[in-house]
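Descriptive analysis of the structure
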Amino acid sequence: QAPGEGPRDEPRARNGNPPFYEVAGRRYVVLESAAGYVEQGIASWYGTDFHGKQTANGELYNMDALTAAHRTLPLPTIVRVTNLENGRSLRVRVNDRGPYARGRIIDVSRRAADLLGFQKNGTARVRVQYEGRGKVADPTQSADLDPAHAPSSPVRRRTSRRIPRSRLASRCSASAAATEPRA
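Residues numbered from 1 in each chain as written. Predicted model: local features only at pLDDT ≥ 70, side-chain atom pairs only at ≥ 80, totals over all residues. Heavy atoms only, no water.

Here we look at the sheet that holds strand E4 (residues 67-69)
Worth spelling out the cut-off: Pairing between strands requires that DSSP locate at least two bridges from one strand to the other. Where helices and strands are cited, they refer to DSSP runs of H or I of at least four residues and of E of at least two residues respectively, numbered from the N terminus. Convention adopted: a line fitted to C-alpha atoms gives each axis, helices being fitted over their contacting stretch, and angles between N-to-C directions are expressed from 0 to 180 degrees.
Spatial strand order, E3-E7-E4-E6-E5-E8: six strands in a closed barrel with mixed pairing. Each adjacent strand pair in this sheet contributes to an overall mean axis angle of 45°, direction not counted. Where E4 lies against strand E7 (residues 104-109), two bridges are found, and the strand directions are antiparallel. Residue pairing for E7: alanine 69 is matched across the bridge by aspartate 107.

What follows is the structure, given as structure tokens:
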């Protein structure tokens, strides 16, 4: 796939997509579809402590690839992450679960944090937007860096999607063997 092409369709991963799972007493419901998903909040990054370890969908984590962890998006999903502080934007492949630190909406790889310009700071205000399902062209290259996706006007703050209790109860009644998420 040439740089700049859209993501290739990839089937939903067998691992990492239970209807719901729990971490530290909190229940997370995995979305059936990420179509139309947009969220704004704080991103962080993870690196050496997880490098080479298994992700929620069974792949080995590579801190030099353009990947990310998200609590509820289906695995794998391609999202565009835009650093709202400097306008840098790139596509990453969500293949893991997390972050579980309060107030964080996504954990990106060390390489993604570097390209987005917040590796040294550790966190940044970002917008996460669904782009498709599949693989990023070459996850070790910066070809996906796209300053054209910088916001041209102020972005209204959006909160996380909330699932009504009635839907949550019906989804949670289904039994599922949750995979072991990253701590």
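There is more to say after this.
Here we look at the pairing of strand E6 (residues 89-96)
Regular strands show a simple pattern: their side chains alternate between the two faces of the sheet. Using the following cut-off: For each residue, the accessible area found with a 1.4 Å probe, counting protein chains only, is set against the maximum for its type, and the residue is called buried under 20%, exposed over 50%, and partly exposed in between.
Of all eight residues in E6, eight are buried, a share of seventy percent or more. By the bridge criterion, three bridges tie E4 to E6 in an arrangement that is parallel. Bridge pairing in E6 links alanine 69 to aspartate 96. Sheet topology note: the strand E5 (residues 77-83)/E6 ladder contains six bridges and is antiparallel.

What about the environment of alanine 34?
Put simply, the test is: Note on contacts: a residue pair is in contact if any heavy atoms of the two residues lie within 4.5 Å.
Looking at the secondary structure, you find alanine 34 in the loop between strand E2 (26-29) and strand E3 (38-46). Look at alanine 34 and you get buried, because its relative accessible area is 3%. Note: C-alpha distance between alanine 34 and arginine 133 (99 residues apart in sequence) is 8.9 Å. In contact with alanine 34, other than residues within four places in its own chain, are Leu73, Pro74, Thr77 and Tyr130.

Considerations on the pairing of E5
Counting buried positions over the seven residues of E5 gives seven, a clear majority of the element. Side chains Thr77, Val79, Val81 and Asn83 of E5 all project onto a buried face; the interleaved residues Ile78, Arg80 and Thr82 project onto the opposite face, where all are buried too. Hairpin remark: E5 followed by E6, antiparallel, with five residues in the connecting loop; positive phi at glycine 87, about 85°. Of the pairings in the sheet, the one linking E5 to strand E8 (residues 123-132) comprises six bridges and is antiparallel in character. Within the sheet, the bridge partner assigned to arginine 80 lies in E8 and is glutamine 129.

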